[in-house]
Amino acid sequence: MMKKNILLLGILLFMMASGISQTNESDKVVLITLDGLRWQELFSGADPKLMANSEYVHDTLKLKKRFWRDSPEERRKALMPFFWSEVTRIGRLHGNRELGSKVDLTNSMWFSYPGYNEILTGTADDKRINSNDKINNPNTTILEIANKDSNYAGKVAAFASWDVFPYIVNESRSGVPVNAGFETAQGPKLTEREKFLNVLQPQIPSPWGSVRLDAFTHHYAMEYMKKSHPKFVYIAYGETDDFAHDGNYEAYLNSANNTDKFIEKLWNFVQADPFYKDRTTFIITTDHGRGTEPLETWRHHGAKIKDAGEVWIIAFGKQIQPVGESQKEEQLYSDQIAPTVLKLLGLSPENSDKSAKLLPIFRS
């Protein structure tokens, strides 16, 4: 018996020395996108030219009371309080061009499918991904790479408001479950909350034919994480882009503010759950920017809209070196996100490209 105990103790000490965990054997990643949220609002808060413009705001006095403050720093904290109180303390925010921190797309399309392809594959593909049509992505996403790895197989999932995401992720080939658009939760072991969401979603009309309200995307994702504990989750919120296209600046700001709250709830859940606590990294970004001048171009994006290729990146969590808002001259690109996520997961690109340029965000 003593020999057996000594052997077990030796194995335990070896596992501890090797950094092997008996419960959380790998790190987890939550990748999040906010469709078409401008860096201008993220880093400066509500735009004074837009929030006082009755063409884009129904109740300018109400909106001003909620989001107007005298300085950009105060306005951004009013708009996205979690980002500018907690994330700035525990993580890093890149893309404030006023401070010299630049983040750009490498694709030349500057709209959604090409942007998401670049984020999820690490490569722009302007020849094949040049529309928002529902075509299965010929490129392999990091979700698919993870799902093919024995350590992550069956532990990868995506949730999105836009109904094109099953094609962007190539759900049929990758085997990654994608709950997107107006899809409901599926499976034999639905929780009571999932059943409730399945009933509620068809009863609340969306303003758009291809995009559901982000609250459903968020709650479906949260419930799945609580129930199934995936190791790699992608959540794609969509409202900010669609409200902007509608010319509704009031709803655009309200949606950004709500999404900030959603992400705070996700982080609080992760830090309270033993499976995720202190083992999870969040990466947050957007698929494209929007116009600024002339003013009306804030509603639009695409190759013909000046500066619509300007984006931003936020990171916080287990493997991230916290620096707050980046205030140095730098040039980052969206195609660096995919190899960085693979690095966080301990995986290699499918083409074994070890030279893929990572985001400079890791703890030393």
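Residues numbered from 1 in each chain as written. Predicted model: local features only at pLDDT ≥ 70, side-chain atom pairs only at ≥ 80, totals over all residues. Heavy atoms only, no water.

Chemist: Which parts of the structure should I look at to understand the overall build of the protein chain?
Modeler: Regarding its fold elements, the protein chain presents 15 helices and 10 strands. Against the 2.2 N^0.38 benchmark of 21 Å for 364 residues, the protein chain shows a C-alpha radius of gyration of 21 Å, consistent with a compact globule. C-alpha atoms of the protein chain, sized along the principal axes, occupy 80 × 45 × 45 Å. Counting every position in the protein chain, which comprises 364 residues, the buried fraction comes to 56%. Here the analysis covers contacts within the protein chain between residues at least 6 apart in sequence; of these, 70% occur between residues at least 24 apart. Accessible surface computed for the protein chain: about 16100 Å², of which carbon and sulfur atoms make up 54%. Taking the average location of the 44 positive side-chain charges in the protein chain and that of its 46 negative ones, the two points are 7 Å from each other. (Helix = DSSP H or I, 4+ residues; strand = E, 2+ residues; numbered from the N terminus. Rg over C-alpha atoms; globule rule 2.2 N^0.38 Å. Buried < 20%, exposed > 50% of the residue type's maximum accessible area, 1.4 Å probe, protein only. Contact = heavy atoms within 4.5 Å. Areas by Shrake-Rupley, 256 points an atom, 1.4 Å probe, with all protein chains shown as cover. Lys, Arg positive; Asp, Glu negative; His and termini not counted. Charge placed at Lys NZ, Arg CZ, Asp CG, Glu CD.)

Chemist: Before we go on, may I ask you to explain the nonpolar core in this structure?
Modeler: Nonpolar side chains in soluble globular proteins tend to be buried together. Among the nonpolar cores identified, the biggest contains 101 residues, and Ile32, Phe83, Phe165, Phe232, Tyr249, Ile263 and Phe316 are the most heavily contacted of them. For this core, the element with the highest residue contribution is helix α14 (residues 249–272), accounting for 11 residues. Aside from chain neighbours lying at most four places away, what touches Tyr249 is Glu41, Ala46, Asp47, Leu50, Met51, Tyr56, Val57, Leu63 and Trp298. (Core = buried A, V, L, I, M, F, W, Y, C linked by side-chain atoms within 4.5 Å.)

Chemist: I'm lost on the pattern of salt bridges in this one. Help?
Modeler: In a structure, side chains of opposite charge can pair up when their charged atoms sit close to one another. Applying the stated criterion across every chain, the model contains 18 salt bridges. In this structure, Asp27 and Arg279 form a salt bridge, with 2.9 Å as the shortest nitrogen-oxygen distance. With a gap of 252 residues between them, Asp27 in the loop between α1 (2–17) and β1 (28–34) and Arg279 in the loop between α14 and β7 (280–285) connect regions that are remote in the sequence. Like Arg279, Asp27 is buried. A salt bridge links Arg38 to Asp47; its shortest N-O distance comes to 3.2 Å. Of the two residues, Arg38 and Asp47, both sit in the buried class. Each of Asp27, Arg279 and Lys318 takes part in a single network of salt bridges with overlapping partners. (Salt bridge = Lys/Arg side-chain N within 4 Å of Asp/Glu carboxyl O.)

Chemist: What am I meant to see in the packing of helix α5 (residues 72–79) against helix α6 (residues 81–90) here?
Modeler: The packing of two helices is summarised by the inter-axis angle and the distance between the axes. At their nearest, the axes of α5 and α6 sit 4 Å apart, and the two run at 105° to each other. Relative to α6, the element α5 lies roughly perpendicular. Facing Arg76, Lys77, Ala78 and Leu79 of α5, the residues of α6 in contact are Pro81, Trp84 and Ser85. Of the residues contributing to the contact of α5 with α6, the split by class is 4 nonpolar, 1 polar and 2 charged. (Axes fitted to C-alpha atoms, helices over the stretch in contact; angles between N-to-C directions. Parallel < 35°, antiparallel > 145°, perpendicular 65-115°, else oblique. Nonpolar A, V, L, I, M, F, W, Y, C, P; charged D, E, K, R; others polar.)

Chemist: Before we go on, may I ask you to explain the packing of aromatic side chains in this structure?
Modeler: In this structure the tally under the stated criterion is 19 aromatic pairs. Arranged with centres 5.5 Å apart and planes meeting at 80°, the rings of Tyr56 and Trp298 form a pair that is edge-to-face. Remark: Trp298 occurs in the loop between β7 and β8 (313–317) and Tyr56 occurs in the loop between α3 (48–51) and α4 (60–67); sequence separation between them is 242 residues. Across this residue pair, the class does not change: Tyr56 and Trp298 are buried. Taking the centre distance of 5.5 Å and the plane angle of 55° together, the rings of Phe159 and Tyr224 count as tilted. With Phe159 in strand β4 (residues 156–160) and Tyr224 in helix α12 (residues 214–228), the pair connects residues that are 65 residues apart, well separated along the chain. Pairwise contacts between aromatic rings join Phe82, Phe83, Trp267, Phe282 and Phe316 into one cluster. One cation-aromatic arrangement involves Lys231 over Tyr152; the distance from NZ or CZ to the ring centre is 5.6 Å. (Phe/Tyr/Trp six-rings, centres within 6.5 Å; stacked < 30°, edge-to-face > 60°. Lys NZ or Arg CZ within 6 Å of the ring centre and 35° of its normal.)

Chemist: Can you walk me through α5 in this structure?
Modeler: Residues that lie three or four places apart on an α-helix share one face, since the helix turns once every 3.6 residues. Burial in α5 covers these residues: Arg75, Arg76, Ala78 and Leu79. Angularly, the buried residues of α5 cover 160° about the axis, an arc narrow enough to put them on a single face. Residues of α5 that are buried in the fold lie against α2 (39–44), α4, α6, α14 and β9 (324–325). (Arc of directions from axis to C-beta.)

Chemist: Got a minute to help me understand the side chain of Arg38 in this structure?
Modeler: Following the sequence through the fold, Arg38 ends up in the loop between β1 and α2. Residue classification places Arg38 among the buried positions, given a relative accessible area of 2%. Every residue in contact with Arg38, bar those within four places of it in the chain, is listed here: Asp47, Leu50, Tyr252, Arg290, Gly291, Thr292, Trp298 and Trp312.

Chemist: Please clarify how the packing of α12 against α14 should be interpreted in this entry.
Modeler: α14 packs onto α12 with a crossing angle of 5° between their chain directions and a minimal axis gap of 11 Å. Regarding the angle of α12 to α14, the classification is roughly parallel. On α14, the residues that touch Asp214, Ala215, His218, Met222, Met225 and Lys226 of α12 are Ser255, Thr259, Phe262, Lys265, Leu266, Phe269 and Val270.

Chemist: How should the sheet that holds strand β2 (residues 91–94) be read in this particular structure?
Modeler: Strands pair in a sheet through their backbones, by hydrogen bonds, and they do so in one of two ways: parallel or antiparallel. Pairing within the open sheet is mixed, and its 8 strands lie in the order β5-β4-β6-β1-β7-β8-β2-β9. Unpaired on one side and paired on the other, β5 (178–180) and β9 mark the two borders of the sheet. Where β2 meets β8, 4 bridges bridge the pair, whose relative direction is antiparallel. Bridge assignment links His94 to a residue of β8, and that residue is Ile313. Each of β1, β6 (232–237), β7 and β8 touches α14; the most contacted strand, β7, lies at about 170° to it. (Pairing = 2+ DSSP bridges.)

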